[in-house]
Amino acid sequence: MLAYQVDRSINYSGCIGKECKTDTSEKIIVENTKYFQDKFKEFKKVKQQNLLMLSPSNYCKCHQRTVFFKYHDFTAKDNINENVNSISLNNKEYFVGGIQTFSSNKPYSKFSVSCLRDTLEYNNIIRLFNNTDSNLIWSNSSNKTIAAGLSKYQRFNHIVKHGQITLKDKLYNNFLRFQKKFPDDYTYMADTYTSERINQFKKKYRNYEISKDNLWLIKPKGAARGIGIHFLKNVDEINKTDIVTKYISNPLLLEKKKFDLRVYLLVTGHDPLKIYIYKESFARMSSDEYDLELEDLDNVFKHLTNVSVNKKKKTQNGSSFIWSLPKVKRYISEEYGVDFNEVWEKIEDIAIKAVITMNKLEIDTEKKMYSHLNSSNTFELYGVDILIDDNMKPWLLEINLSPGLSSKTGYQRSLKYKLMDDTFNIVGLVPYSHITGLAMEGECEYKDPVDEAVQQSVCEITRPTGGYKRIFPLKENIDYYKKFFEEVSPNNQALWDEIKKNENL
């Protein structure tokens, strides 16, 4: 394991000591004011913006408050505490806005998923259209040009190299790379052959005959929602770009039906790396009872758990194949006599190990192509799909970019609205001037870029996490997971040191 060298000469745009007191010239302010008035047309209709603000914890050395997102009343939960106060902004220069883009071809489209749109509206965040200078940029697809233009206080919902774990082939190739180094630790994915190894599979199984103890799935590269997934019956049918994966034929069952878990994972940056898991989740079940009858392998309602597939079963209603996590826990405890908390700990372990496989790639790319990025500029909300077998071993199926957030059912609706609030509370939106780029409540001082990254992270991890649980880094797991890092950056090491020496972190 190698260690990064700190380069203090590259495009550091943070605020160190006396740099914090540098004045902006009057000429630039006048020019930028005119630009601001022309660009932020959405602000013109708003006379005053009322916001809830969260004061930083006693362990945060930066005085800046962040926008606090309040739960909707229908969730029947109150997340406001004594550190939350209300403010009224009259100076439009500091108004807080958010972009919601779901189609790159229609930047002015008003379409949005309800839980995202309603969460921002409920908390008085002004919706902006086709404007890159927004406090929050939420896009349904990744756009690297956005990351290239982010300023210090902007938050963008995509990490640059997320594809290293959200694309099925790269997810497995990275897993395989780590499995070779740590064969006893990286065991959470079924044997899989991506395009680079398809010829190996064809050669190894050239005489393949389908049987109950030797089933393989073909997954088209880049497909989603279960589209195109089917059982392999003949090696000759495999396309060059297909992904072939061993079928886990002994799944744990809920009322005789196959299921998987959708788990939400929040990563708030890789340098340093911070990972949170959402404690609420749900199971997606197949419509038909599970069996391994070879004559019925084409029955997708038996072998696939995708909601988009099973909702086509006319005899079913949506809620019947969605179970809340508490319901799943109760059933497994009563039916199998198993403490689900032990299974959940294994799922947390899988999540951490999977994200670590892309850490070096992400940091290297940021240093090479996005050196201006602040350690807290980007974040990612992943939808992680987990299957549990009848030995209570969880298997990682895939990690989804921009997981679906729409829902009409009570449990899912409440979950996803709270998920949005908690995500934004952790990420932390700092009101800043859209003219000068400086924070409304003044800049914070740091010794150097590493100190800035560490102190920003301390402020973040001591904010209210709501339904999230921080799973890395923790005092009790830093030393264990450190061995899996291909290289340890100065920011990661410094944060780990800070956490270890401070009993409150």
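Structure shown above.
The present account deals with the structure reproduced in this document. Keep in mind the model is a prediction, meaning the values are calculated, not measured. (Residues numbered from 1 in each chain as written. Predicted model: local features only at pLDDT ≥ 70, side-chain atom pairs only at ≥ 80, totals over all residues. Heavy atoms only, no water.)

The next point concerns the packing of helix α9 (residues 325-336) against helix α10 (residues 340-356). Contact pair α9 / α10: the axes reach a minimum separation of 10 Å and the direction vectors enclose 125°. Here α9 is positioned oblique relative to α10, judged by the angle of their axes. Judged by residue contacts, Leu-325, Lys-329 and Ile-332 of α9 engage Phe-340, Asn-341 and Trp-344 from α10. Looking at side-chain class alone, the contact of α9 with α10 contains 4 nonpolar, 1 polar and 1 charged residues. (Axes fitted to C-alpha atoms, helices over the stretch in contact; angles between N-to-C directions. Helix = DSSP H or I, 4+ residues; strand = E, 2+ residues; numbered from the N terminus. Parallel < 35°, antiparallel > 145°, perpendicular 65-115°, else oblique. Contact = heavy atoms within 4.5 Å. Nonpolar A, V, L, I, M, F, W, Y, C, P; charged D, E, K, R; others polar.)

So, about the nonpolar core. Ranked by size, the top nonpolar core spans 112 residues in total, and within it Leu-261 and Leu-396 carry the most contacts. Counting residues per element, this core draws most heavily on α10, which supplies 10 residues. The contact partners of Leu-396, leaving out residues within four places of it in the chain, are Leu-171, Tyr-188, Met-189, Ile-350, Ala-354, Val-384, Asp-385 and Ile-386. Counting 11 residues, the second largest nonpolar core, distinct from the first, contains Tyr-193, Ile-198, Phe-201 and Tyr-205. (Core = buried A, V, L, I, M, F, W, Y, C linked by side-chain atoms within 4.5 Å. Buried < 20%, exposed > 50% of the residue type's maximum accessible area, 1.4 Å probe, protein only.)

The subject of this paragraph is helix α11 (residues 359-369). Residues of α11 that are buried include every one of Asn-359, Glu-362, Ile-363, Thr-365 and Glu-366, and no others. All buried residues of α11 fall inside an arc of 165° around its axis, so they share one side. The exposed set on the far side of α11, more than 90 degrees from its buried face, consists of Lys-368 and Met-369. Where α11 is buried, its residues meet β14 (257-270), β15 (273-278), α10, β21 (487-488) and α15 (490-501). (Arc of directions from axis to C-beta.)

Where strands meet in a sheet, backbone hydrogen bonds hold them as pairs that are either parallel or antiparallel. Read across the sheet, 3 strands follow the order β3-β2-β4 without closing on themselves; strand pairing throughout is antiparallel. The open sheet has two edge strands, β3 (66-67) and β4 (84-89), and neither has a second partner. As paired strands, strand β2 (residues 49-54) and β4 are joined by 6 bridges and run antiparallel to one another. Each residue of the ladder has a partner; that of Leu-52, found in β4, is Ser-86. (Pairing = 2+ DSSP bridges.)

Attention now goes to the sheet that holds strand β10 (residues 216-219). Taken together, the 4 strands give an open sheet; going across it, the order is β9-β12-β10-β11, and neighbouring strands pair in antiparallel fashion. With one partner strand each, in any of the chains shown, β9 (192-193) and β11 (230-231) form the two edges of the open sheet. As paired elements, β10 and strand β12 (residues 243-246) share 4 bridges and run antiparallel to each other. The residue bridging Lys-219 from the neighbouring strand is Ile-243, located in β12.

Moving on, we come to helix α2 (residues 114-122). Of all the residues in α2, the buried ones are Cys-115, Leu-116, Asp-118, Thr-119 and Leu-120. Packed against the buried residues of α2 are β5 (97-101), β7 (136-139) and α12 (410-427). Phi for Asn-124, located one or two positions after α2, is positive at around 65°.

As a further point, take the environment of Glu-498. Tracing the backbone shows Glu-498 in helix α15. On the basis of relative accessible area, Glu-498 is assigned to the buried category, the value being 14%. The sequence separation of Glu-498 and Lys-475 amounts to 23 residues, and the corresponding C-alpha distance is 9.7 Å.

As a further point, take the pairing of β15. Within β15, 6 of the 6 residues are buried, leaving the element largely enclosed by the surrounding structure. Side chains of β15 alternate between two faces, with Leu-273, Ile-275 and Ile-277 and Lys-274, Tyr-276 and Tyr-278 buried alike. Here β14 runs beside β15; their pairing, made up of 4 bridges, is antiparallel. Of the residues in β15, the one forming a bridge with His-270 is Leu-273. Between β14 and β15, which pair antiparallel and follow one another directly, the connecting turn spans 2 residues.

This paragraph deals with the environment of Asn-214. Relative to the assigned elements, Asn-214 resides in the loop between α6 (198-204) and β10. Each C-alpha atom, one on Asn-214 and one on Lys-246, is 7.9 Å from the other, the two residues being 32 residues apart in sequence. Only 2.9 Å separates the side chain of Asn-214 from the side chain of Trp-216, close enough to count as a polar contact. (Polar contact = N/O pair within 3.5 Å; in protein donor to acceptor, adjacent residues only side chain to side chain.)

Evaluation of the coordinates by the stated rule reveals 20 salt bridges. Among the salt bridges present, the one from Lys-302 reaches Asp-291, with a minimum N-O distance of 2.8 Å. In this pair, Lys-302 is assigned in helix α7 (residues 300-303) and Asp-291 in the loop between β16 (282-285) and α7, connecting sequence segments 11 residues apart. The closest approach of N and O atoms between Asp-296 and Lys-302, which form a salt bridge, is 2.5 Å. Judged by relative accessible area, Lys-302 falls into the buried class, the value being 4%. Residues joined in a network through salt bridges with shared partners are Asp-260, Arg-262, Arg-284 and Asp-385. (Salt bridge = Lys/Arg side-chain N within 4 Å of Asp/Glu carboxyl O.)

This next bit is on the packing of aromatic side chains. By convention here, two paired aromatic rings are described through the distance between centres and the angle between planes. Counting across every chain of the model gives 34 aromatic pairs. With 4.9 Å between their ring centres and 20° between their planes, Phe-40 and Phe-43 make a pair best called stacked. Assigned by exposure class, Phe-40 and Phe-43 land together as buried. By way of ring pairs, the aromatic residues Tyr-172, Phe-175, Phe-178, Phe-182, Tyr-186, Tyr-188, Phe-472, Tyr-480, Tyr-481, Phe-484, Phe-485 and Trp-496 are connected into one cluster. (Phe/Tyr/Trp six-rings, centres within 6.5 Å; stacked < 30°, edge-to-face > 60°.)

In short, geometric facts, not functional conclusions.
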